Amino acid sequence: MNFVKALEYLLPAVDAVHARWTTDRDVLFAKHNAHAESPRVTCTKGCGACCHFPLIPATAGEAFVLLARLLADGQSLEELHGKFSPYARRYLEAARQSGSLPLTDDQQRRFLKEKLPCPLFVSTPEDGPMAGHCGVFEIRPLICDFFHNLESPELCLLKKPHGSFTDVMERGHDALDEIRIAERRIFGRSALGHLPLLLAALMTDAGMKTFLTTANPDLGEENSQDIADFGLYLELISCLGYQWSDGEWTSLAKAQSEVI
Ligand code: SF4
Ligand code: SF4
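Residues numbered from 1 in each chain as written. Chains lettered and ligands numbered in written order. Predicted model: local features only at pLDDT ≥ 70, side-chain atom pairs only at ≥ 80, totals over all residues. Heavy atoms only, no water.

Caption draft 1: Representation of the overall build of the protein chain in the model. For the protein chain, the count of helices and strands is 11 helices and 4 strands. Here the C-alpha radius of gyration of the protein chain, 18 Å, is about what a compact globule of 260 residues would show, namely 18 Å. On the principal axes, the C-alpha backbone points of the protein chain span a range of 50 × 40 × 40 Å. Classification of the 260 residues of the protein chain by burial places 45% in the buried group. For the protein chain, long-range pairs separated by at least 24 residues make up 75% of all intrachain contacts whose partners lie at least 6 apart in sequence. With an accessible surface of roughly 13,000 Å², the protein chain has 55% of that area assigned to carbon and sulfur atoms. Each charge sign in the protein chain was given a centre, from 25 positive and 35 negative side chains, and these centres are 3 Å apart. (Helix = DSSP H or I, 4+ residues; strand = E, 2+ residues; numbered from the N terminus. Rg over C-alpha atoms; globule rule 2.2 N^0.38 Å. Buried < 20%, exposed > 50% of the residue type's maximum accessible area, 1.4 Å probe, protein only. Contact = heavy atoms within 4.5 Å. Areas by Shrake-Rupley, 256 points an atom, 1.4 Å probe, with all protein chains shown as cover. Lys, Arg positive; Asp, Glu negative; His and termini not counted. Charge placed at Lys NZ, Arg CZ, Asp CG, Glu CD.)

See below:
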């Protein structure tokens, strides 16, 4: 499939999911806010620890749509590549040094200390540590919209569990799943992974070619869809020069099943 055709199929599907999600999100938050005793979201403008997380789960299709929008907005591929390529190098180097991908919870906490933001995060020297704002707020992926905190933002800085509205999180994950279903219908497979790495991979010729290559998993075979999905993520990250070991494949499968 070529870039234009892929966008023609994917864009309306992703936009439709976002529109349904946005409506439901507003209803759910309004319901919580109507109760005086209901906890309040503690996320504040400028807080950006979650933009430094070593796992910002998004689908390859979301990354593709985001990239297409950035290009349509006038950003050049060279300029974007110049931001994402060093990020991917540093991230994958940290992964190699810590042993493997995906990063364990402890490794994620250590990684957070590197203060390596999503390349789309914007901050100035006047902003505090890990503070700033999303440079693509209006078109940010689903996870960046539905992830929230009802407790101290300090917990995010330490990458520790914190309270969230369960119904909002569930609806967000369902929306993410709807996007994955659309991607499988269009391309035969749907990778779920770390947003900046997916974007970095799509900015390479090999990564874009891989994404646009449709698969035809034999759904009669056990786990064939999972295998096709994992295969796409493995191939995309390989396009960034990362060499996977067999053990990483198993851990990745486990980690992905825990995200969705
Ligand atoms: S989820 Fe956590 S890090 Fe992200 S904006 Fe909210 S409090 Fe800050
Ligand atoms: S896309 Fe925006 S909100 Fe999401 S991680 Fe990147 S900078 Fe943060």
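Caption draft 2: Up close: the site of ligand 2. In the neighbourhood of ligand 2, the contacting residues comprise C51, I56, C118, L120, F121, C134, V136, P141, C144 and L195. Among the residues forming the shell around ligand 2, the class breakdown is 10 nonpolar, no polar and no charged. (Near = heavy atom within 4 Å. Nonpolar A, V, L, I, M, F, W, Y, C, P; charged D, E, K, R; others polar.)

Caption draft 3: Region of the structure containing the site of ligand 1. The environment of ligand 1 is made up of C43, C47, A49, C50, F147, N149, P153 and C156. Class assignment for the residues of the shell around ligand 1 results in 7 nonpolar, 1 polar and no charged.

Caption draft 4: Structural detail: helix 2 (residues 60–72). Given a rise of 1.5 Å per residue, 13 residues ought to cover 18 Å, and the 18 Å separating the end C-alpha atoms of helix 2 matches this to within 8%. Trailing helix 2 by a residue or two, G74 shows a phi angle of about 105°, which is positive. (Expected span 1.5 Å × (residues − 1).)

Caption draft 5: Quick look at the nonpolar core. Ranked by size, the top nonpolar core spans 68 residues in total, and within it F64 and L199 carry the most contacts. Of all the elements, helix 3 (residues 77–98) adds the most residues to this core, at 8 residues. Look past the residues within four positions of L199 in its chain and what remains in contact with it is A63, L66, L67, F84 and L120. (Core = buried A, V, L, I, M, F, W, Y, C linked by side-chain atoms within 4.5 Å.)

Caption draft 6: Looking closely at the pattern of salt bridges. One pass over the structure, following the stated rule, counts 15 salt bridges. A salt bridge links R25 to D26; the nearest nitrogen and oxygen atoms lie 3.0 Å apart. Among the salt bridges present, the one from D145 reaches R25, with a minimum N-O distance of 2.7 Å. Linking D145 in helix 5 (residues 142–146) with R25 in helix 1 (residues 3–33), this pair joins segments that are 120 residues apart in sequence. Its relative accessible area of 19% is what places D145 among the buried residues. Salt bridges linked by common partners bring R20, D24, R171 and E178 together as one network. (Salt bridge = Lys/Arg side-chain N within 4 Å of Asp/Glu carboxyl O.)

Caption draft 7: How the structure looks around the side chain of T210. Considering the arrangement of structural elements, one finds T210 in helix 9 (residues 205–212). T210 has contacts with R189, L232, E235, L236 and C239, leaving out every residue within four places of it along the chain.

Caption draft 8: Just unusual backbone geometry, in detail. Positive phi values are uncommon outside glycine, yet K115 reaches one of about 50°. Along the chain, the position of K115 falls in the loop between helix 4 (105–112) and strand 2 (121–122). Backbone geometry at K159 places phi at a positive 55°, although glycine is not the residue there. In this fold, K159 is placed in the loop between helix 6 (154–157) and helix 7 (166–187).

Caption draft 9: Region of the structure containing the packing of helix 3 against helix 8 (residues 195–202). Running from amino to carboxyl end, helix 3 crosses helix 8 at an angle of 125°, the nearest separation of the two axes being 9 Å. Accordingly, the angle class assigned to the pair helix 3 and helix 8 is oblique. At the point where helix 3 passes helix 8, the crossing takes the left-handed sense. For the pair formed by helix 3 and helix 8, the contact residues are F84, Y87, A88, Y91 and L92 on the first element and P196, L197, L199 and A200 on the second. The residue inventory of the contact of helix 3 with helix 8, partitioned by class, reads 9 nonpolar, no polar and no charged. (Axes fitted to C-alpha atoms, helices over the stretch in contact; angles between N-to-C directions. Parallel < 35°, antiparallel > 145°, perpendicular 65-115°, else oblique. Left-handed = near helix turned anticlockwise from the far one by under 90°.)

Caption draft 10: Broad picture of the packing of helix 8 against helix 10 (residues 224–238). Their axes nearest at 8 Å, the elements helix 8 and helix 10 cross at an angle of 65°. By the angle class used here, helix 8 and helix 10 are roughly perpendicular. The way helix 8 lies across helix 10 gives a crossing that is left-handed. Facing helix 8, whose interface residues are L197, L198, A201 and L202, helix 10 presents Y233, L236 and I237. Residue classes in the contact of helix 8 with helix 10 are distributed as 7 nonpolar, no polar and no charged.

The values are spatial; any link to function lies outside them.
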